[in-house]
Structure formats: C-alpha cells, structure tokens
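Structural overview
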Amino acid sequence: MAIVKYTAGIELTPEKEAEMRARIRAAAQRPYSYDPDCPLLTEKQLSEFCPVNFDSMEERAQAMKQGAAILEAASI
C-alpha cells in the first residue's frame, strides 16, 4: 500500500478528492490482517488491563510503590 502524505494548505482537486475517497472505501472493505508476532489478546489478558489515571498524586505514588514491590518480588 502506498504512503499518503498530507501537505497543509494545499487543497485537493475534485479528481484527487474522488480518488482518495475511493481508496478509503477500498481500504475499509479489506479484512483485518494481524501481525503474527503480536497475536490478539485473550479475554483473560484484556481483563487484566486497568486504568492508569488517578484522582490525586498520592494515589499515583501509592500505585507506583505497589508496582515496584510487585516487580521486586517477581525478580527474586
């Protein structure tokens, strides 16, 4: 697939716009292709994700300490 570059300030001609729309429609119809080196996550793996935003810096600091303790315990 060709790389499409965007140049700010230059408007597309009607022909070029129609070509781009056709390319986008064609790309939308193609099936997904996954990288064999990075397989899809299982339901269990997806359930292990947790948010990383915290309400306060204190909550963040506590989570960082817990994470460090987990990493330290895993390395033993």
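Above this note sits the structure.
Definitions and limits used
- Residues numbered from 1 in each chain as written.
- Predicted model: local features only at pLDDT ≥ 70, side-chain atom pairs only at ≥ 80, totals over all residues.
- Heavy atoms only, no water.
- Salt bridge = Lys/Arg side-chain N within 4 Å of Asp/Glu carboxyl O.
- Helix = DSSP H or I, 4+ residues; strand = E, 2+ residues; numbered from the N terminus.
- Buried < 20%, exposed > 50% of the residue type's maximum accessible area, 1.4 Å probe, protein only.

1. Thoughts on the pattern of salt bridges
Under the definition given, this model contains 3 salt bridges. Across the salt bridge formed by R21 and E17, the nearest N and O atoms sit 2.9 Å from each other. Taken together, the residues span about one helical turn, with R21 and E17 both in helix α1 (residues 14–29) at a distance of 4 residues. A residue is classified by how much of its surface remains accessible, and R21, at 46% relative accessible area, is partly exposed. The partner of E48 in a salt bridge is K44, with the nearest N and O atoms 2.7 Å apart. Like K44, E48 is exposed.

2. Looking at the environment of T7
Within the fold, T7 resides in the segment before α1. Residue class for T7 comes out partly exposed when judged on its relative accessible area of 45%. Residues T7 and A63, 56 residues apart in the sequence, show an inter-C-alpha distance of 43 Å.

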